[in-house]
Every structure is written in C-alpha cells, then in structure tokens.
Amino acid sequence: VTIQEPKGIYSVSFSDMSGANLFCTMSQTKELIMNVLPEILTGVWNNLQASFKLVWSVLSPILLPLLTVIILLVVGLWVAGFIGDKIAVLVKKGKIDDGLDKVLFSHFSKLAGVKVSASDLIGSAVHWFLTAVVLIAALNFVHLSSVVDFLRQALGYVPHAIVGALIIAVGTVVADFAVYVVK
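Residues numbered from 1 in each chain as written. Predicted model: local features only at pLDDT ≥ 70, side-chain atom pairs only at ≥ 80, totals over all residues. Heavy atoms only, no water.

Just to check I follow, could you spell out the packing of aromatic side chains for this structure?
Think of a pair of aromatic rings as described by two things: how far the centres are apart, and how the planes are tilted against each other in angle. Applying the stated rule across the entire model yields 1 aromatic pair. With a centroid separation of 5.4 Å and 15° between ring planes, the pair formed by Trp 78 and Phe 82 is classed as stacked. In this pair, Trp 78 and Phe 82 are both assigned in helix H1 (residues 26–93), 4 residues apart and thus about one turn of the helix distant. Overall, the relative accessible area of 59% leaves Trp 78 in the exposed class. On the basis of relative accessibility, which here comes to 41%, the residue Phe 82 falls in the partly exposed class. (Phe/Tyr/Trp six-rings, centres within 6.5 Å; stacked < 30°, edge-to-face > 60°. Helix = DSSP H or I, 4+ residues; strand = E, 2+ residues; numbered from the N terminus. Buried < 20%, exposed > 50% of the residue type's maximum accessible area, 1.4 Å probe, protein only.)

Below, the structure written as structure tokens:
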C-alpha cells in the first residue's frame, strides 16, 4: 500500500497478486476497508473456532479422564487420611493402645529407642490401606491394568509381613517372660 498526494487529493495504491497497481482515493480506500474488514475478521474468527474445535477434539478424550482421576485421587487421599486419623483417635479413646503398648510396643520402643504408639500405628496402617485402595481405583479408571496387577501382587505380601511381625512380637514377649521366670 502506497499513499500519494498529487494536487492535494490523497490517493492510495494497492498491489494485487499479479503485481498490478490499483489507484483509489482515500474515501474509496475507507469504503474498501470497511467492506473487506468484516470478511477478514469473519474468516479469522471461523479459523480460530475450527482450530479450537480440533484442539478440543484431540485433548478432550485425554483431559476429562485425567481431571476425573485427579479429583478421585485428591478426594480419596483426603478421605483415607481423615479415616486413618479418626481410627487412631478411637483406638486411643478406647484405651486399646494402652494395653498394646504395655504388651507389645514397650519392648520395641526400648529396642529401637523410638516411642511407638499402637494407636498411631493402627491409624497409619488404615490410612495406607485406604490409600492403596484409592490408587488401585484410580489406576483402574484409566485402564492401567499392568500397574494394578503389580500393586495387587505387592499388597498380597502385606498379610505375610504382618504375620511375620506378630511372630517376632510374640517371640519377644515370650523371651522376656522366659528371662523373668529364670531370674
């Protein structure tokens, strides 16, 4: 676009695709711009809409399940922590932890040098169990069956570990009792 001023009248020169120059006055230029501008803006708007529809059609199958899994994880982990804490409080209020602490955990506390509370241990166990359940549910939702199978196999060893810990605890109590009887 070239603007020239011959004899006080403004004229505008447009070059078309072929390189030919088109001359028009300023009022004709304004009229041309006012007629072409809405068409240009409409074309741009339609192209933007088509682009966003394409992006949404590609991302929506990914984003909606991802958002659902994130919400499931956040709410599920919060509920797991809440229930674990409430179970710990109930065990403490029910005086169950006092008996377990005297029988089992006092020996472990002496050996480890760390105060171990039965109510905290039970509350944490419930919390982690519910966390595993929430994680498996979220992974099932996004169809990650191989990861779910691995977690199920790993969680299958937990009862064996608990039984092993109970055998060690009972062995420790029996050994302390034997020491007490011999003295």
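Would you take a moment to explain the environment of Asp 98 for this structure?
Position of Asp 98 relative to the elements: it lies in helix H2 (residues 96–112). In this structure Asp 98 comes out as partly exposed when scored by relative accessible area, which is 38%. In this structure, the C-alpha to C-alpha distance between Asp 98 and Ala 118, residues 20 residues apart in sequence, is 7.8 Å.

Where do I start with the packing of helix H4 (residues 145–156) against helix H5 (residues 158–182) in this structure?
Working note: a packed helix pair is described by the angle between its axes plus the distance between those axes. H5 packs onto H4 with a crossing angle of 15° between their chain directions and a minimal axis gap of 4 Å. Here H5 runs roughly parallel to H4, going by the angle between their axes. Of H5, the residues touching H4 (which contributes Ala 154, Leu 155 and Gly 156) are Val 158, Pro 159 and His 160. Tallied by class, residues from the contact of H4 with H5 come to 4 nonpolar, 2 polar and no charged. (Axes fitted to C-alpha atoms, helices over the stretch in contact; angles between N-to-C directions. Parallel < 35°, antiparallel > 145°, perpendicular 65-115°, else oblique. Contact = heavy atoms within 4.5 Å. Nonpolar A, V, L, I, M, F, W, Y, C, P; charged D, E, K, R; others polar.)

Looking at this structure, I do not really get the confidence of the model for the protein. What am I missing?
Any segment with low pLDDT has predicted coordinates that should not be analysed in fine detail. Overall, the prediction assigns the protein a mean pLDDT of 79, with 81% of residues at 70 or greater. Between the elements of the protein, mean pLDDT differs from a low of 47, seen in strand E1 (residues 2–4), to a high of 88, seen in helix H3 (residues 118–141). (pLDDT = per-residue confidence, 0-100.)

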